[in-house]
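These are the residues of each chain, in order.
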Amino acid sequence: MDWSAISAEYARLREKYKAQCEEICPYPSILASVAVEIAYQTYRTYSFAWLFVDGLLENLKQHENVMKREVRKVNRLTNRNVEGKELTVHTAIATIDDLEFPFHVPDGVYSLFEIMGQFFIGYEAERETVVQTTNTPSLLDEKSTRRVLKNYLIGFSTLKKSQEESQLVADQVLGKKLQIQVVEYRYVHIVDEHGERKCIIPRDQAIRRDEGLSLLDFDGAAIEFLTIEKVTKSSFKAIVHIE
């Protein structure tokens, strides 16, 4: 049995259906609540709801006090083969295995745990203010996060059904300077000069709380596709420059 092929197919289906659900309801808190209800009533399990972990965590935070255990998703490790069990953070830079990336948590060594291909850390933290949730879908903590992003890795959804179709999309955008279009403050589309949608950025890629980044703030920004890193049946990853 080819477990790597099974894992890749599972990841493709997860991303496909997650993107379709987010097209219907872009609000993490609401989507997570609906997913919990559907999962339990239909399958008597909560596995499906873990696709929308941002919303689950947001719902939990609505009932937190000032001093609570903080759970943070490590977006850069999603669907990666991670051998290490601990994430080391120093001056907002995290390291594990041979990977290094920005991660804004206090300096320290954090135990890493994995749920359905997504990685998290947990730690005790005292918040300076009452915990905030995403009352508006386009901002993080009511501040714009827009800035220049150079050589930045992002996952894109093509909503195609085969790797060949997704490869065609990747080939079309490679080397091109396109535009980010935020639709109804909910969806992040990549469009050409005629406004034609080429691909989309799934919400788990568009909102990265560990980096203080929301691509919902980047409406109208230019995005240049420098290299294509990986192509699956319904998605691809690319190194981009956004300004």
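We now turn to the structure provided with this report. No experiment lies behind these values; they were computed from the predicted model shown.

What counts, and at which threshold
Residues numbered from 1 in each chain as written. Predicted model: local features only at pLDDT ≥ 70, side-chain atom pairs only at ≥ 80, totals over all residues. Heavy atoms only, no water. 1 Å grid on protein atoms, 1.4 Å probe; cavity = no way out; pocket = protein on both sides within 12 Å on 5 of 7 lines; lining within 4 Å. Points joined across faces, edges and corners; volume = space filled by probe spheres on them. Helix = DSSP H or I, 4+ residues; strand = E, 2+ residues; numbered from the N terminus. Nonpolar A, V, L, I, M, F, W, Y, C, P; charged D, E, K, R; others polar. Contact = heavy atoms within 4.5 Å. Buried < 20%, exposed > 50% of the residue type's maximum accessible area, 1.4 Å probe, protein only. Pairing = 2+ DSSP bridges.

**So, the layout of surface pockets**
Stage number 1. Space inside the largest pocket adds up to approximately 1200 Å³.
Stage number 2. In this structure, the largest pocket is lined by 44 residues; those nearest its centre are Thr 78, Asn 79, Arg 80, Lys 230 and Lys 237.
Stage number 3. Residue assignment for the lining of the largest pocket shows that the elements contributing at least two residues are helix H1 (3–24), strand E6 (118–126), strand E7 (149–157), helix H5 (203–206) and strand E14 (235–242).
Stage number 4. The element that contributes the greatest number of residues to the lining of the largest pocket is H1, accounting for eleven residues.
Stage number 5. Taken together, the residues of the lining of the largest pocket break down into 16 nonpolar, 13 polar and 15 charged.

**Some points on unusual backbone geometry**
Stage number 1. Even without being glycine, Ala 92 reaches a positive phi, approximately 70°.
Stage number 2. Here Ala 92 shows up in the loop between strand E2 (86–90) and strand E3 (93–96).
Stage number 3. Of note, the phi angle at Asp 97 is positive, near 50°, even though the residue is not glycine.
Stage number 4. Along the chain, Asp 97 falls in the loop between E3 and strand E4 (99–102).

**Things to note about the side chain of Lys 73**
Stage number 1. By secondary structure assignment, the location of Lys 73 is in strand E1 (residues 67–73).
Stage number 2. Ignoring sequence-local partners within four residues, the contact set of Lys 73 consists of Val 53, Asp 54, Thr 78, Phe 103, Gln 118, Phe 119, Phe 120, Asp 204 and Asp 210.

**Digging into the pairing of E14**
The two faces of the sheet receive side chains in turn, since in a regular strand these alternate between them.
Stage number 1. Counting buried positions along E14 gives seven out of eight residues, so the element sits mostly inside the fold.
Stage number 2. Here seven bridges tie E7 to E14, and the two strands are oriented antiparallel to one another. Opposite Leu 149, over in E14, you have Ile 242 as the bridge partner.
Stage number 3. Pairing between strand E13 (residues 222–231) and E14: seven bridges, direction antiparallel. Among the inter-strand pairings, Lys 230 is bridged to a residue of E14, identified as Lys 237.
Stage number 4. Remark: three residues form the turn of the hairpin made by E13 and E14, two consecutive strands paired antiparallel.

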